[in-house]
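# Summary of structural features
The lines below spell out each chain.
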Amino acid sequence: MNLTDEEVVIVGGGPAGITTALTMITANPKLKNKIVVLEKDIYPRDKICAGAISYQGIKILETLNVEFEVPFVSIKGVLLRSSIGESSFIYMDDYIRVVRRIEFDSSLANLAVERGIRIIDGVRVNTVEEHKQFVILTTSRGLLKAKYVIGCDGVGSVVRRAMGITKKNLINMQALEVDTEPLMEDYDRQLLVFNISDRTFSGYTWDFPTIINGREMVCRGIYHIQWRNNKINLKTKLSDYLTSIGLDINNYQRKYFSVQAYNPDEVIGNERMILVGESSGIDPLTGEGITQAIKYGYLAGYFTADVLAKRNTFTEWGKVVRKSSLGRNLSFSIRLIKYFYGAPRPVVEKFLINYNIPRTKGYEFVIAYLFEIIKFFNTVFSAITISLTDRFTTRMRLIKKI
Ligand SMILES: Cc1cc2nc3c(=O)[nH]c(=O)nc-3n(C[C@H](O)[C@H](O)[C@H](O)COP(=O)(O)OP(=O)(O)OC[C@H]3O[C@@H](n4cnc5c(N)ncnc54)[C@H](O)[C@@H]3O)c2cc1C
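A few points on the structure. In this numbering scheme, every chain counts its residues from 1 along its sequence in written order. Only residues with pLDDT of 70 or above have their local features reported here, since the model is predicted, and side-chain atom pairs are shown and tallied only from 80 upward, although totals for entire chains, interfaces and linings are computed over all residues.

What follows deals with the environment of Ile-25. Note on placement: Ile-25 falls in helix α1 (residues 15-27). Beyond its immediate stretch of four places on either side in the chain, Ile-25 contacts Leu-31, Lys-32, Arg-115 and Ile-117. Secondary structure elements follow DSSP: runs of H or I no shorter than four residues count as helices, runs of E no shorter than two count as strands, and numbering proceeds from the N terminus. Contact between two residues is assigned when their C-beta atoms, built from the backbone, lie within 7 Å.

Here, a strand pair is defined by DSSP locating no fewer than two bridges between the strands. Strand order in the open sheet formed by seven strands is β6-β5-β13-β14-β15-β12-β16, with mixed pairing between adjacent strands. A strand with exactly one partner marks an edge of an open sheet, and here the two such strands are β6 (85-90) and β16 (255-259). Across the sheet, the mean angle from the axis of one strand to that of its neighbour is 20°, orientation sign disregarded. Here strand β13 (residues 191-195) pairs with strand β14 (residues 203-212) via three bridges, running antiparallel. Lines fitted to the C-alpha atoms define the axes, with helices restricted to the stretch that makes contact. Angles between their N-to-C directions range from 0 to 180 degrees.

Another aspect to go through is the pairing of β6. The pairing of strand β5 (residues 77-82) with β6 spans six bridges and is classified as antiparallel. From the neighbouring strand, Arg-81 faces β6, where its bridge partner is Glu-86. In this antiparallel pair of consecutive strands, β5 and β6, the connection spans two residues.

Another aspect to go through is the nonpolar core. Core analysis: the largest hydrophobic core is formed by 99 residues, its most contacted members being Val-9, Val-11, Ala-21, Val-149 and Ile-150. With 11 residues, the top contributor of residues to this core is helix α6 (residues 290-310). Where each domain starts and ends follows an automatic or database-derived domain assignment. The residue makeup of this core includes at least three contributed by each of domain 1 (5-51 + 100-167 + 262-323) and domain 2 (172-259). What Val-149 contacts, discounting residues up to four positions off in sequence, is Val-9, Val-11, Val-128, Val-135, Leu-137, Val-159, Arg-272 and Met-273. Note on terminology: a nonpolar core is any set of buried Ala, Val, Leu, Ile, Met, Phe, Trp, Tyr and Cys residues joined through C-beta atoms within 7 Å. Any residue whose C-beta has 12 or fewer other C-beta atoms within 10 Å is treated as exposed, any with 20 or more as buried, and any in between as partly exposed, C-beta atoms being built from the backbone.

All right, on to the site of the ligand then. Contact assignment follows one rule, namely that a residue is near a molecule or strand if its backbone-placed C-beta atom lies within 6 Å of it. Around the ligand, the structure places 37 residues, and the nearest of them are Gly-12, Gly-14, Gly-154, Gly-277 and Gly-289. Amino acid classes used here: Ala, Val, Leu, Ile, Met, Phe, Trp, Tyr, Cys and Pro are nonpolar; Asp, Glu, Lys and Arg are charged; the rest, including Gly, are polar. Residue composition of the shell around the ligand, grouped by class: 17 nonpolar, 11 polar and nine charged. When residues of the shell around the ligand are assigned to domains, at least three map to each of domain 1 (5-51 + 100-167 + 262-323) and domain 2 (172-259).

Closest axis-to-axis distance for the α1/α6 pair is 7 Å, and the angle between their directions is 35°. The handedness of the crossing between α1 and α6 is right-handed. Side by side, α1 and α6 meet where Pro-15, Ala-16, Thr-19, Thr-20, Leu-22, Thr-23, Met-24, Thr-26 and Ala-27 of the first sit next to Ile-290, Ala-293, Ile-294, Tyr-296, Gly-297, Tyr-298, Ala-300, Gly-301, Tyr-302, Thr-304 and Ala-305 of the second. Here the residues of the contact of α1 with α6 are counted per class, giving 13 nonpolar, seven polar and no charged. A crossing counts as left-handed when the near helix is turned anticlockwise from the far one by less than a right angle, and as right-handed when that turn is clockwise.

Right, dumping it as structure tokens:
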């Protein structure tokens with residue numbers, strides 16, 4: 001196979017990589033011959049993931065004329081369990097879809113191939129070296145020269161390393177999951193269940209209905225954000241949860257993977273390379289990353305088409321992401337972590353359990369929920385006060401130590 005001179009190389013054929021390619025050819029169909037996607041695994045390949053894709057991701061795929069040709073569980077809302085009670089947030093039918101990544105990712109890749117995009121699977125990119133006018137990639141099938149490289153290669157991104165982003169993030173996230181049979185006690189299969197009742201770690205356990213080889217199953221897992229050195233043993237915690245519902249963790253295949261957070265201060269684009277999807281970073285508060293990868297890809301597709309048309313560089317990418325709703329939401333999520341999982345947690349839980357505001361918009365919303373809004377600001381105010389007091393007492397403790 002000839003892997004020599006390419007215009008745009010997309011490293012990684014997950015949701016970020018394929019959405020980028022599909023968007024590029026939607027922006028300009030002539031780009032079809034100028035893109036190659038390199039995927040290290042061979043499709044159908046799996047990705048450790050619970051597979052919940054939310055509304056905005058589904059909508060972007062619809063814009064790109066992508067139909068879901070794989071089995072999925074249709075979800076209408078979320079049930080939140082906490083130490084002070086439960087609350088369900090019902091959005092609308094089919095608000096979220098739970099897929100199996102082994103099926104979903106290959107179906108996306110097949111569709112891209114049908115639309116004329118070159119995807120070469122089974123090719124691992126080992127090193128990436130940027131020069132003034134081009135980038136040299138060493139792959140498992142030889143050398144490759146590219147004008148532009150788009151790093152869609154997930155958590156352990158080789159492109160990210162090549163761009164010099166080596167420093168460890170302040171926030172570290174891990175997840176562990178198992179697929180089990182459903183239980184009589186499980187909730188409605190149209191709900192995703194998040195359980196935040198254990199306050200000894202910064203995260204949640206989840207129970208997502210899923211469908212494996214035509215069988216109704218449940219993907220159950222644990223997500224933990226490591227910050228302020230709060231390490232935990234994921235297996236023990238998940239085992240405790242499973243035991244509480246009558247399941248033994250040892251009976252199931254455990255699937256562990258880390259998750260990478262977005263950091264608005266990182267340089268995710270230089271002259272010839274950009275990071276897209278989880279290689280750049282996803283939502284650290286929830287660990288949600290598929291919809292984010294799709295949003296990144298959509299943004300990157302149009303951005304790249306524009307760069308190619310103007311023979312420009314990729315240097316504006318970081319700014320484009322920061323200014324987009326994606327970047328703003330991700331940055332907001334980072335700020336929320338200390339409220340959600342820090343000292344104000346009891347207040348936040350109380351708010352989430354008690355003030356379930358339906359999703360109406362505009363004038364009607366303000367009139368109908370004015371009272372709720374006042375209560376909301378009151379809760380936010382007390383959360384901020386608790387956070388500031390916490391920061392002050394920590395500082396005082398430090399001063400006393402010195
Ligand atoms: C346990 C767990 C559960 C999760 N559950 C959910 C969920 O329910 N909903 C949700 O929205 N998110 C979830 N996530 C997060 C989600 O899986 C990721 O954020 C998402 O897959 C990111 O998509 P991506 O395309 O950026 O990267 P990936 O999906 O990781 O794709 C990267 C691709 O690049 C390829 N690649 C990597 N390195 C190379 C290389 N050197 N050369 C060539 N190819 C390479 C990989 O093989 C892969 O195909 C979960 C994560 C974990 C760990």
